[in-house]
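# Architecture at a glance
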Amino acid sequence: MDLRETILAEHSKANCTKIVYWIGNNSQRFDTVVHLFLTDKDPRVVQRSAWPLSELVLLYPALIKKHLGKILQFVTKPGLHDAVKRNTVKILQFINIPRQYEGKVMNLCFDYLLDPNEKPAVKAFSLTVLQHLSQQYPEIKQELKMIIEDRWEFETAAFHSRAKKILKEIN
């Protein structure tokens, strides 16, 4: 399979599933999708590769380990498509974040929460990531609570749903 051509062929659940099935737990094929995600010059390839990438990490979380630093660096670039940010933060919800990246991930998620222009799914996933990290770093709970309360009236149902659970846990 020519992965790049398959990614460009169509943006659909069926195509995403086809790519995920083809890559499976094969680390070399996974490396290829990460390479496209991080380096392709066509923004459509970067955007569309984010979806199968996140689905693969949900199935095979160990595959992301060697790439996580590069992905976290990449996702801080300005002007990224929402799908890139959304799928990256989605991944972070379901993996054990290595200690060396915890601070970077916290900063990234807090930045997303504070950005009034950030998309609802990115914020909702960021809330979950921060909730998980607050188990190891209880000192961030008060900051998280303050942001939730400050942003409450401006946010969506997705934010409210996750935020209620977090506030209940904090209180």
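Preceding this paragraph is the structure being described.
Note that the coordinates shown come from a computational prediction; the quantities given were computed from them, not determined experimentally.

## Some details on the packing of helix 2 (residues 13-23) against helix 4 (residues 43-59)
Their axes nearest at 9 Å, the elements helix 2 and helix 4 cross at an angle of 50 degrees. In terms of axis orientation, helix 2 runs oblique to helix 4. In this structure, the crossing between helix 2 and helix 4 has a hand that is right-handed. Of helix 4, the residues touching helix 2 (which contributes Lys13, Cys16, Ile19, Val20 and Ile23) are Trp51, Pro52, Glu55, Leu56 and Leu59.

## Description of the nonpolar core
Membership of the largest hydrophobic core comes to 57 residues, with the highest contact counts inside it found for Phe30, Val33, Phe37, Leu92 and Val105. Element by element, the count of residues in this core is highest for helix 7 (residues 99-114), at 8 residues. Not counting residues within four places of it along the chain, the set of residues in contact with Val105 comprises Leu72, Leu92, Ile97, Val129 and Leu133.

## As for the pattern of salt bridges
Side chains that differ in charge, positive against negative, can pair when their charged atoms come close. Inspection of every chain in the model, using the stated rule, returns 8 salt bridges. The salt bridge involving Arg4 is made with Asp40; its shortest N-O contact spans 2.7 Å. Of the two residues, Arg4 sits in helix 1 (residues 3-9) while Asp40 sits in the loop between helix 3 (27-39) and helix 4, which places them 36 residues apart along the sequence. Relative accessible area serves as the criterion here: at 28%, Arg4 is assigned to the partly exposed category. We classify Asp40 as buried; its relative accessible area is 15%. Residue Glu118 pairs with Lys85 through a salt bridge whose shortest N-O separation is 3.2 Å. Within this pair, whereas Glu118 is found in the loop between helix 7 and helix 8 (120-133), its partner Lys85 is found in helix 6 (residues 82-93), the two being separated by 33 residues in sequence. By relative accessible area, Lys85 is classed as buried at 15%. Look at the salt bridges and you will find they share partners, linking Lys123, Arg151 and Glu155 into a network.

## Things to note about helix 9 (residues 141-151)
For helix 9, the set of buried residues is Leu144, Lys145, Ile147, Ile148 and Arg151. Buried residues of helix 9, viewed axially, fall in a sector of 165 degrees; they line one side. Turned more than 90 degrees off the buried face of helix 9, the exposed positions are Gln142 and Asp150. Buried-residue contacts for helix 9 involve helix 7, helix 8 and helix 10 (157-170).

Calculation criteria
- Residues numbered from 1 in each chain as written.
- Predicted model: local features only at pLDDT ≥ 70, side-chain atom pairs only at ≥ 80, totals over all residues.
- Heavy atoms only, no water.
- Axes fitted to C-alpha atoms, helices over the stretch in contact; angles between N-to-C directions.
- Helix = DSSP H or I, 4+ residues; strand = E, 2+ residues; numbered from the N terminus.
- Parallel < 35°, antiparallel > 145°, perpendicular 65-115°, else oblique.
- Left-handed = near helix turned anticlockwise from the far one by under 90°.
- Contact = heavy atoms within 4.5 Å.
- Core = buried A, V, L, I, M, F, W, Y, C linked by side-chain atoms within 4.5 Å.
- Buried < 20%, exposed > 50% of the residue type's maximum accessible area, 1.4 Å probe, protein only.
- Salt bridge = Lys/Arg side-chain N within 4 Å of Asp/Glu carboxyl O.
- Arc of directions from axis to C-beta.

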